[in-house]
Amino acid sequence: MAGKLDAIFTTDVIEALENFMARKRPAEEIRDQLDLDYRIEGQNVYIFEVRPQWDDKSKIMHMDVAKTTYVKSKDNWKVYWMRGNLKWYPYDPATADTLEQFIDMVDKDRHGCFFG
């Protein structure tokens with residue numbers, strides 16, 4: 001049964017992230033210069049920018065901008081942003097009740113932490 005629940009959980013996460021990407025990604029004609037994507041690693045969801053390296057356009061960089069971790073015992077999501085020192089820091093507010101609430105925080109970026 002747990003495997004089935006995990007599959008449903010992942011499906012919901014992917015659907016929410018795909019909807020966010022459909023709204024937030026840059027115009028198709030500039031995506032070779034700047035794009036947005038996500039990855040799921042266990043209970044963590046990362047949102048990151050994709051762009052060519054400034055001094056070697058043949059190298060593609062993935063720069064994390066937002067992270068959330070699902071905490072099963074509390075049934076919520078811890079929210080983080082990456083500072084210039086490449087370390088994760090809790091965002092304010094530090095938790096979201098749903099993945100959609102996390103996505104809304106990233107989308108609005110009220111502190112300018114995710115996208116500057």
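My aim in this report is to walk through the structure given alongside it, one point at a time. Please read these numbers as outputs of a predicted model, since none were measured by experiment.

Structural notes on the overall build of the protein
Along the protein, the regular secondary structure elements total 2 helices and 5 strands. Its helices and strands taken in sequence order, the protein reads α-β-β-β-β-β-α from the N to the C terminus. For 116 residues, the compact-globule estimate of 2.2 N^0.38 gives 13 Å, and the protein sits close to it at 15 Å. A principal-axis box enclosing the C-alpha atoms of the protein has dimensions of 50 × 30 × 20 Å. Burial statistics for the protein: of 116 residues in total, 35% are counted as buried. By element, 51% of the accessible surface of the protein is carried by carbon and sulfur atoms, the whole surface being about 7,600 Å².

Thoughts on the side chain of Asp109
The topology assignment puts Asp109 in the segment after helix H2 (99-108). Buried charge without a partner: Asp109 forms no salt bridge, and the closest opposite charge is Lys24, 6.7 Å away. Separated by 3.0 Å, the side chain of Asp109 and the backbone nitrogen of Phe114 make a polar contact. Those residues within four positions of Asp109 in sequence are excluded, and the remaining contacts are Tyr91, Phe114, Phe115 and Gly116.

Considerations on H2
All of the buried residues in H2 are Leu99, Phe102, Ile103, Met105 and Val106. All buried residues of H2 lie within an arc of 155° about the axis, which places them on one face of the element. Immediately beyond the C-terminal end of H2, within one or two residues, lies Asp109, with a positive phi of roughly 45°.

Some details on the environment of Asp12
Following the sequence through the fold, Asp12 ends up in helix H1 (residues 2-24). Sequence-wise, Asp12 and Glu100 are 88 residues apart; in three dimensions their C-alpha atoms are separated by 9.9 Å.

Thoughts on the pairing of strand S1 (residues 35-41)
Regular strands show a simple pattern: their side chains alternate between the two faces of the sheet. Note: S1 against strand S2 (residues 44-53), 7 bridges, orientation antiparallel. Bridge pairing links Ile40 to Val45 in S2. The turn linking S1 back onto S2 is made up of 2 residues, and Gly42 within it adopts a positive phi angle of 60°.

Digging into the sheet that holds strand S3 (residues 56-71)
Pairing in this open sheet of 5 strands is antiparallel, and the strands run S1-S2-S3-S4-S5 from one edge to the other. Of all strands in the sheet, those bounded by a partner on one side alone are S1 and strand S5 (88-96). Here the strands of the sheet are splayed against their neighbours by 30° on average, with no regard to which way each runs. The strands touched by H2 are S2, S3, strand S4 (76-82) and S5; relative to S5, the strand with the most contacts, the crossing angle is about 120°.

Let's talk about the packing of aromatic side chains
Per the stated rule, a full pass over the model turns up 4 aromatic pairs. Seen from their ring centres, Tyr70 and Trp77 are 5.1 Å apart, and the 55° between their planes marks the pair as tilted. Pair check on accessibility: Tyr70 and Trp77 agree, each one buried. Positioned above the aromatic ring of Tyr46 is the side chain of Arg39, whose terminal nitrogen or guanidinium carbon lies 4.1 Å from the ring centre. Directly above the ring of Tyr80 sits Lys67, whose terminal nitrogen or CZ lies 5.2 Å from the centroid.

Basis of the calculations
- Residues numbered from 1 in each chain as written.
- Predicted model: local features only at pLDDT ≥ 70, side-chain atom pairs only at ≥ 80, totals over all residues.
- Heavy atoms only, no water.
- Helix = DSSP H or I, 4+ residues; strand = E, 2+ residues; numbered from the N terminus.
- Rg over C-alpha atoms; globule rule 2.2 N^0.38 Å.
- Buried < 20%, exposed > 50% of the residue type's maximum accessible area, 1.4 Å probe, protein only.
- Areas by Shrake-Rupley, 256 points an atom, 1.4 Å probe, with all protein chains shown as cover.
- Lys, Arg positive; Asp, Glu negative; His and termini not counted.
- Salt bridge = Lys/Arg side-chain N within 4 Å of Asp/Glu carboxyl O.
- Polar contact = N/O pair within 3.5 Å; in protein donor to acceptor, adjacent residues only side chain to side chain.
- Contact = heavy atoms within 4.5 Å.
- Arc of directions from axis to C-beta.
- Pairing = 2+ DSSP bridges.
- Axes fitted to C-alpha atoms, helices over the stretch in contact; angles between N-to-C directions.
- Phe/Tyr/Trp six-rings, centres within 6.5 Å; stacked < 30°, edge-to-face > 60°.
- Lys NZ or Arg CZ within 6 Å of the ring centre and 35° of its normal.

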